[in-house]
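Listed below, chain by chain, are the residues.
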Amino acid sequence: MTEKYPFSKGLAGVPAAETVLSFINGQEGKLYYLGIPIEEWAEHSTFEEVALALLLRRLPKKDEMKMFNAALRSARELPPEVIDFILDLPPDTHPMAALRTVVSLLEAYDYDAKLEDLEAKFRISVRLIAKFPTIVAYFDRARKGLELIPPDPTLGHAANFLYMLKGERPSDYEARVMDIALILHADHGMNASTFTAMVIASTLSDMYSAITGGVAALKGPLHGGANERVLKMLKEIGSPENAEKYILDKLAKKERIMGFGHRVYKAYDPRARILKKFAEELTKRSEFYQTAVKVEEIMIREKGAKGIFPNVDFYSGLVYNALGIDTDLFTPIFAIARVAGWTAHVLEYLEDNRIFRPRAIYKGEIDKKYIPIDER
Ligand code: ACO
């Protein structure tokens, strides 16, 4: 109690690990995976390549990519017992709760989970990346009473997800938009869900436990859920003409506008810039899109000087909505992408592991007397 520790509430700004995976330059609005700007990944790469690059911590070679693609495709299906479990879940289960529970359940069907070496953890990482879209799509169809669509091994990761979800093959353009959305969400330095996964892994618990924890942390609205709220807000505003009054009223009441501001970015989030273009194309500049653009214009005018700009969540909801995806699947889609970052950070950290053990500042009294229950 007499010792003095530096204290930062919520560990804000406290470095918790070293990494080569991703770097955010918040002042200039730049994001890099493995030192390569996010714009380059979005233009030239695929989610599969980003995932393997993160797991290997370098750009993969052609034959490695071929093997990884084959491994992902062959690992997409779920064990029959797990499918039965999904079919039995109450339809009103939140999709993130379903995902979290199924990831945990998968451990029981994977012998590698009992092994402690990093090779086994790498194999599990590949399986998890492969299975996340299947879990989300199966659950969504099961809750709607629709027939499950098994994965199609001729389709890439993003296209197959849309196919399993909707039962029809997406256009090349739709598949590419989903692919880019997954690329943009694959990793983001140290954040609550990545840290949670790393804390669990640092106890030498297993990969399924760590990733279950990552999903659990992402479920919270302060982390993964803002894009759902952006869509709700845009629906409430209704048209571009209503935006000015709506936003100014909210700001006057000191309320937060969803999809704006970021703990690290104090400039335009580069991911939002990329998604804005797709939102514009997919919605064909609908009134919905124009309302969003108007909100952005007002917010930058009012709050840009304070470093408040659109974040990734502002346009991602519009993109998913235009692809015909239900609002409560937006955070699970974030998880489908981020499982690549979670597993990569866990593998990186375990190469030189140290259990996370912060301290709490004790604010209570000491040397108090125990009072028997009848005398309290
Ligand atoms: N709308 C209006 N004002 C805002 C907003 C916003 N979205 N964000 C920050 N501000 C204002 C605050 O009111 C505060 O003003 P003050 O100095 O007059 O009190 C100032 O900006 C600084 O705010 P902080 O809370 O200190 O900023 P912080 O960096 O901690 O917050 C956060 C980041 C939580 C993302 C915040 O911007 C927010 O709540 N945004 C809305 C929710 C959202 O979009 N979340 C998604 C984030 S991206 C992601 O997780 C994938």
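Residues numbered from 1 in each chain as written. Predicted model: local features only at pLDDT ≥ 70, side-chain atom pairs only at ≥ 80, totals over all residues. Heavy atoms only, no water.

Our focus in this paragraph is the overall build of the protein chain. The helix and strand inventory of the protein chain stands at 16 helices and 3 strands. Over its C-alpha trace the protein chain gives a radius of gyration of 22 Å, about what one expects of a compact globule, namely 21 Å for 376 residues. Of all 376 residues assigned to the protein chain, the portion counted as buried reaches 51%. Partitioning the intrachain contacts of the protein chain with sequence separation of at least 6 by distance along the chain shows that 76% fall at a separation of at least 24. For the protein chain, the accessible area works out to roughly 18,800 Å², and carbon and sulfur atoms hold 54% of it. (Helix = DSSP H or I, 4+ residues; strand = E, 2+ residues; numbered from the N terminus. Rg over C-alpha atoms; globule rule 2.2 N^0.38 Å. Buried < 20%, exposed > 50% of the residue type's maximum accessible area, 1.4 Å probe, protein only. Contact = heavy atoms within 4.5 Å. Areas by Shrake-Rupley, 256 points an atom, 1.4 Å probe, with all protein chains shown as cover.)

Next up on the list: the site of the ligand. In the vicinity of the ligand there are 20 residues, among which Arg-256, Ile-257, Gly-259, Phe-260 and Lys-306 approach most closely. The backbone of Gly-259 places a nitrogen or oxygen atom 2.8 Å from an oxygen atom of the ligand. Taken together, the residues of the shell around the ligand break down into 9 nonpolar, 5 polar and 6 charged. (Near = heavy atom within 4 Å. Polar contact = N/O pair within 3.5 Å; in protein donor to acceptor, adjacent residues only side chain to side chain. Nonpolar A, V, L, I, M, F, W, Y, C, P; charged D, E, K, R; others polar.)

As a further point, take the packing of helix 5 (residues 95-106) against helix 6 (residues 118-143). For the pair helix 5 and helix 6, interaxial distance at closest approach is 10 Å and the crossing angle is 130°. For the element pair helix 5 / helix 6, the angle class is oblique. In this structure, the crossing between helix 5 and helix 6 has a hand that is right-handed. For the pair helix 5 and helix 6, contact is made by Pro-95, Ala-98, Leu-99, Val-102, Val-103 and Leu-106 and by Leu-128, Lys-131, Phe-132, Ile-135, Val-136, Phe-139 and Arg-143, respectively. In the contact of helix 5 with helix 6, the residues fall into 11 nonpolar, no polar and 2 charged. (Axes fitted to C-alpha atoms, helices over the stretch in contact; angles between N-to-C directions. Parallel < 35°, antiparallel > 145°, perpendicular 65-115°, else oblique. Left-handed = near helix turned anticlockwise from the far one by under 90°.)

Let's shift gears to the pattern of salt bridges. Side-chain pairs of opposite charge can arise whenever the charged atoms involved come near each other. Evaluated as defined, the whole model comprises 24 salt bridges. Notably, a salt bridge pairs Arg-143 with Asp-326, separated by 3.8 Å at the nearest N-O pair. Here the residue Arg-143 occupies a position in helix 6, and Asp-326 occupies one in the loop between helix 15 (312-322) and helix 16 (330-350), the gap between them amounting to 183 residues. You can call Arg-143 buried: its relative accessible area is 17%. Across the pair Asp-328 and Arg-143 runs a salt bridge, and its minimum N-O distance is 2.7 Å. In this pair, Asp-328 is assigned in the loop between helix 15 and helix 16 and Arg-143 in helix 6, connecting sequence segments 185 residues apart. Looking at Asp-328, the relative accessible area reads 22%, which means it is partly exposed. When salt bridges with common partners are traced through the structure, they connect Asp-140, Arg-143, Lys-144, Asp-326 and Asp-328 into a single cluster. (Salt bridge = Lys/Arg side-chain N within 4 Å of Asp/Glu carboxyl O.)

Looking now at the layout of surface pockets. Of the pockets and cavities examined, the second largest pocket occupies roughly 570 Å³. Every residue lining the second largest pocket is counted, 19 residues in all, and those nearest its centre are Leu-11, Val-14, Arg-357, Pro-358 and Arg-359. Split by residue class, the lining of the second largest pocket holds 15 nonpolar, 1 polar and 3 charged. (1 Å grid on protein atoms, 1.4 Å probe; cavity = no way out; pocket = protein on both sides within 12 Å on 5 of 7 lines; lining within 4 Å. Points joined across faces, edges and corners; volume = space filled by probe spheres on them.)

It is worth spelling out the nonpolar core at this point. Membership of the largest hydrophobic core comes to 116 residues, with the highest contact counts inside it found for Phe-132, Met-178, Val-295 and Ile-325. Tallying contributions element by element places helix 16 first for this core, with 14 residues. Three or more residues apiece are contributed to this core by two domains, here domain 1 (19-221 + 327-350) and domain 2 (226-322). In this structure, Ile-325 is in contact with Leu-162, Leu-165, Met-178, Tyr-320, Phe-330 and Ile-333, ignoring residues within four places of it in sequence. (Core = buried A, V, L, I, M, F, W, Y, C linked by side-chain atoms within 4.5 Å. Domains from an automatic or database assignment.)

Relative to the helices and strands, Met-164 is located in helix 7 (residues 157-166). Met-164 sits 75 residues away from Ser-239 along the chain, and the two C-alpha atoms are 34 Å apart. If sequence neighbours within four positions are ignored, Met-164 has contacts with Pro-133, Thr-134, Ala-137, Tyr-138, Arg-141, Ile-149, Pro-150 and Pro-151.

Moving on, we get to the domain arrangement of the protein chain. The extent of an interface is frequently quoted as the accessible surface area lost upon association of the parts. Its domain assignment divides the protein chain into domain 1 (19-221 + 327-350) and domain 2 (226-322). Here domain 1 and domain 2 have C-alpha centroids that lie 27 Å from each other. Counting the surface domain 1 buries against domain 2, the share from its top three residues, Tyr-173, Leu-184 and Phe-330, is 27%. Inspection of the region where domain 1 meets domain 2 yields 5 residue pairs in polar contact (both at pLDDT 80 or more). Mapped by element, the contributors of at least two residues to the side of domain 1 that touches domain 2 are strand 1 (22-25), strand 2 (30-33), helix 1 (38-44), helix 8 (172-185) and helix 16. Ranked by the residues each element gives to the side of domain 1 that touches domain 2, the list is headed by helix 8, at 7 residues. (Buried area = accessible area lost by both parts, 1.4 Å probe.)

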